[in-house]
Amino acid sequence: MRKGLFSKLVFTFTVIIAISFVMTAAFLSYWFESYYFDQRKSQLETEAQLIGPTAIQYLQGNVSIDRINEILTYVGNYSSADIWLTDSYGYVYAVSDSGHKNLIGTQILTKELEELRIGHTVEKKGVFGNMFKIPVHTFEIPIYSRGIFNGAIMMHTSIDELRGALKKVYEIIWISAVFAIIVSCIVIYYISQRIIIRPLAKINYVADKISKGEVEKRVSIKSKDEIGTLAKSFNSMADSLEEVEKNRREFISNVSHEIRSPITSIKGFIGGILDGVIPKEKENYYLSVAYEEIQRLTRLVNDLLDLSAIEAGQFKLRIEEIDINEIIRICVIKFETKIKEKKLKVDVLMHEDRLYVAADRDRLTQVVTNLIDNAIKYGAEEGNVRICTRSKGDKALISVFNDGPCIPKEDLKHIWNRFYKADKSRTSKMSTGLGLSIVRSILTQLGEDIWIENKENQGVTFTFTLKKV
Ligand SMILES: Nc1ncnc2c1ncn2[C@@H]1O[C@H](COP(=O)(O)OP(=O)(O)OP(=O)(O)O)[C@@H](O)[C@H]1O
Ligand SMILES: [Mg+2]
């Protein structure tokens, strides 16, 4: 990972730097070339002013050809240019380089004569009709004497020679580009190491540790950038992983504990009967106790299976139109024996005869059964149980009240947890502590809410919502 990210960054920066340098170089060389040619032009123009009067004097017969050749050779060497003089018809009569002596007497200028005659200078680039082996830059300046066109001065300079100076500039530009790339590679290396690569490696290391089971490991990156945010999200993900892991361990230990005690007692009773420790006439009694324990185990396992199925969303809810009042009536009838045993007074208050809601019949029965079961179990002996249904807006509110002691404040937020039993002394042996978790899971799946209210010195009310149809 380290190599990949770094080389990608370096590659990107190198490309950016190279592109910007190419553009700068192109711009600079264009500007520099035209500047250089302009300079050269004005230099040659000055020199032409030196040659011009002598040429006129020669044409008038006042100066010898040797003198004019001497001046041309001198100026030609001095400005490293090849200089030719032509008369007003374009015929060459003097050259600075003796190598071109054969041109004397030939007509070189034809078309340009028009331009020159009206006083314009002419500029050309090329091999000049194969008279030169290499490309030259030619500059033609007319000579005037008292307003009469008297011929022209032609000055040729090798383009390679001109470009030689430019080459130096390009070299400097490219050397500085390479230098800039090297420096930026070093800077990128340090910066990317500091702000990206090292923090990522840290996160990677911790992720690896967590995946191997060390869920308490966290990343300590305090930066306020995206990497810092990533580290923060990573840590909160690790928190929830740890929580899940804790719950899992707790759940397993709870389940094992709940299963161990009935199994131990069943084993004890049956062992006692087999060994003959339990007298024959008591056998039946102990067998019935063992049977009760087995029933408890069965209930526990069924509840657990239900809960995990609901939480995994495996129970496909069959939503239909149900009369919640009818469900409550059926449930109350189911508990008749228990109600009578405890001499409870049960009131069912319904505002209308029927209250239709959208829910799954079996699951809703489970919710109502669990709540009424709790009210009967935890309500006071000979106490009151009140079940109300009413409608509010598009919701139906169902509440189950029982008088008796309130649930202690510190237990309130835990009673929805699996295996949580608030008052250990009052909960019967048959309790598993799964009832309310099942209730809440079902209502959550239905998208509904449930809450609990302690009424000081009176009792406890559980209220849940359902969607009316
Ligand atoms: N109506 C109530 N009045 C007082 N305490 C209650 C009431 N309902 C629940 N509790 C408390 O909340 C705890 C959790 O209830 P829950 O229904 O989840 O488990 P349980 O009744 O102990 O076991 P199960 O419902 O599986 O038989 C109970 O042990 C009890 O202490
Ligand atoms: Mg219960």
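Rules of the game
Every chain begins its residue count from 1, and numbering advances along the sequence as written. The naming scheme follows written order: chains are lettered A onward, ligands numbered 1 onward. Only residues with pLDDT of at least 70 are given local features in this predicted model, and only at 80 or more are side-chain atom pairs given and counted; all residues enter the totals for whole chains, interfaces and linings. Heavy atoms throughout the structure, all of them, feed into the side-chain values; hydrogens and water do not. Note on patches: the residues involved have over 30% relative accessible area and no salt bridge, like charges join within 9 Å, and the nonpolar side chains Val, Leu, Ile, Met, Phe, Trp and Tyr join within 5 Å. Where accessible areas are quoted, they stem from the Shrake-Rupley method and a 1.4 Å probe; at the residue level, only the protein chains shown are allowed to cover. Salt bridge, as used here, is a side-chain nitrogen of Lys or Arg placed within 4 Å of a carboxyl oxygen of Asp or Glu. Helix numbers and strand numbers start at the N terminus; a helix is a DSSP run of H or I with at least 4 residues, a strand a run of E with at least 2. Pairing of aromatic side chains requires ring centres within 6.5 Å, counting the rings of Phe and Tyr and the six-membered ring of Trp. Pairs whose planes differ by under 30 degrees are stacked, by over 60 edge-to-face, and all others tilted. For every residue, the accessible area (1.4 Å probe, protein chains only) is compared with the maximum for its type, and the residue is labelled buried under 20%, exposed over 50%, or partly exposed between those bounds. Two limits define a charge over a ring: the Lys NZ or Arg CZ must be within 6 Å of the ring centre, and within 35 degrees of the ring normal. Only the stretch in contact is used when fitting a helix axis, every axis being a line fitted to C-alpha atoms; angles between N-to-C directions are given from 0 to 180 degrees. What sets the label is the angle itself: under 35 degrees gives roughly parallel, over 145 gives roughly antiparallel, 65 to 115 gives roughly perpendicular, and the rest give oblique. Definitions for this section: a left-handed crossing has its near helix turned counterclockwise from the far helix by less than a right angle. A right-handed crossing has that turn clockwise. Whether two residues touch is decided by their heavy atoms; if any such pair falls within 4.5 Å, the residues are in contact. Residues were grouped as follows: Ala, Val, Leu, Ile, Met, Phe, Trp, Tyr, Cys and Pro as nonpolar; Asp, Glu, Lys and Arg as charged; and all remaining residues, including Gly, as polar. Residues are labelled near a given molecule or strand when at least one of their non-hydrogen atoms is within 4 Å of it. In protein, a polar contact requires one atom able to donate a hydrogen and another able to accept it; more generally it is a pair of N or O atoms within 3.5 Å, and residues adjacent in sequence count only if both atoms are side-chain atoms. Put simply, the grid is 1 Å and covers the protein atoms alone, a cavity is a trapped set of points that fit a 1.4 Å probe, a pocket is an open set with protein on both sides within 12 Å along at least five of seven lines, and lining residues have an atom within 4 Å of a point. Cavity and pocket membership follows a simple rule, namely that a molecule belongs there if more than half of its atoms are within 2 Å of the grid points. Here, expected helix span is obtained from the residue count minus one, scaled by 1.5 Å. To obtain the arc, one takes the directions from the helix axis to the C-beta atoms. Domain extents, as shown, originate in an automatic or database domain assignment. Summed over both partners, the accessible area (1.4 Å probe) lost when two parts come together is defined as the buried area.

Side chains of F27, L28, Y30, W31 and Y35 sit close together on the surface and give an oily, nonpolar patch of about 600 Å² of accessible area. Here F27 is to be found in helix 1 (residues 2-59).

Another aspect to go through is the packing of aromatic side chains. Inspection of the entire model under this criterion finds twelve aromatic pairs. Measuring from ring centre to ring centre gives 5.6 Å for Y189 and Y190, while their planes differ by 85°; the resulting arrangement is edge-to-face. Classification of Y189 by relative accessible area gives partly exposed; the value is 36%. Relative to Y286, the ring of Y285 has its centre 5.1 Å away and its plane inclined at 75°; by these criteria the two rings are edge-to-face. Here the guanidinium or amino end of K125 rests over the ring plane of F37, the centre of that ring lying 4.5 Å away.

Attention now moves to the packing of helix 5 (residues 226-275) against helix 6 (residues 283-311). Taken N-terminus to C-terminus, the directions of helix 5 and helix 6 make an angle of 160°; their axes are 9 Å apart at the nearest point. Relative to helix 6, the element helix 5 lies roughly antiparallel. In the crossing of helix 5 with helix 6, the sense of the turn from one axis to the other is left-handed. Facing helix 5, whose interface residues are F251, V255, E258, I259, S261, P262, I263, S265, I266, F269 and I273, helix 6 presents E283, Y286, L287, V289, A290, E293, I294, R296, L297, L300 and L304. Among the residues making up the contact of helix 5 with helix 6, the classes are represented as 16 nonpolar, two polar and four charged.

Taken together, the neighbourhood of ligand 1 is formed by 20 residues, with N374, Y378, N402, T432 and L436 sitting nearest. Here R299 contributes a side-chain N or O atom positioned 2.9 Å from an oxygen atom of ligand 1. Relative to its unbound accessible surface of 590 Å², ligand 1 loses 98% to contact with the protein. Counting atoms within 2 Å of the grid points, the majority share of ligand 1 lands in the largest pocket. Those elements giving two or more residues to the shell around ligand 1 turn out to be helix 9 (361-378), helix 11 (435-446) and strand 12 (459-468). The biggest single contributor to the shell around ligand 1 is helix 9, with three residues. Across the shell around ligand 1, the residue classes tally to nine nonpolar, seven polar and four charged.

Let us now look at the packing of helix 6 against helix 11. Relative orientation of the contacting elements helix 6 and helix 11 amounts to 25°, with a least axis distance of 10 Å. One element, helix 6, and the other, helix 11, form an angle in the roughly parallel class. As helix 6 packs across helix 11, the resulting crossing turns out to be left-handed. Counted together, D303, L307, I310 and E311 of helix 6 and S437, I438, S441, I442 and Q445 of helix 11 form the full contact between these two elements. Taken together, the residues that form the contact of helix 6 with helix 11 break down as four nonpolar, three polar and two charged.

The first and last C-alpha atoms of helix 2 (residues 65-78) sit 20 Å apart over 14 residues, in line with the 20 Å expected at 1.5 Å per residue. Taken residue by residue, helix 2 has I68, I71, L72, V75 and G76 as its buried positions. Looking straight down helix 2, one finds that the buried residues subtend no more than 125° of arc, so they occupy a single side. Away from the buried face of helix 2 by more than 90 degrees, exposed residues D66, E70, Y74, N77 and Y78 are located. At the exit of helix 2 stands S80, carrying a positive phi of roughly 40°.

Here the focus is the domain arrangement of the protein. Domain annotation for the protein reports domain 1 (2-164), domain 2 (240-310) and domain 3 (319-468). Relative placement of domain 2 and domain 3: their C-alpha centres are 26 Å apart. In this assembly, 14 residues from domain 2 lie in contact with 14 residues from domain 3. Buried surface at the junction of domain 2 and domain 3, both sides included, amounts to about 1500 Å², of which 64% is carbon and sulfur. Together, R296, L307 and I310 form the three largest contributors to the area buried by domain 2 at its contact with domain 3, with a combined 41%. The interface formed by domain 2 and domain 3 includes one salt bridge.

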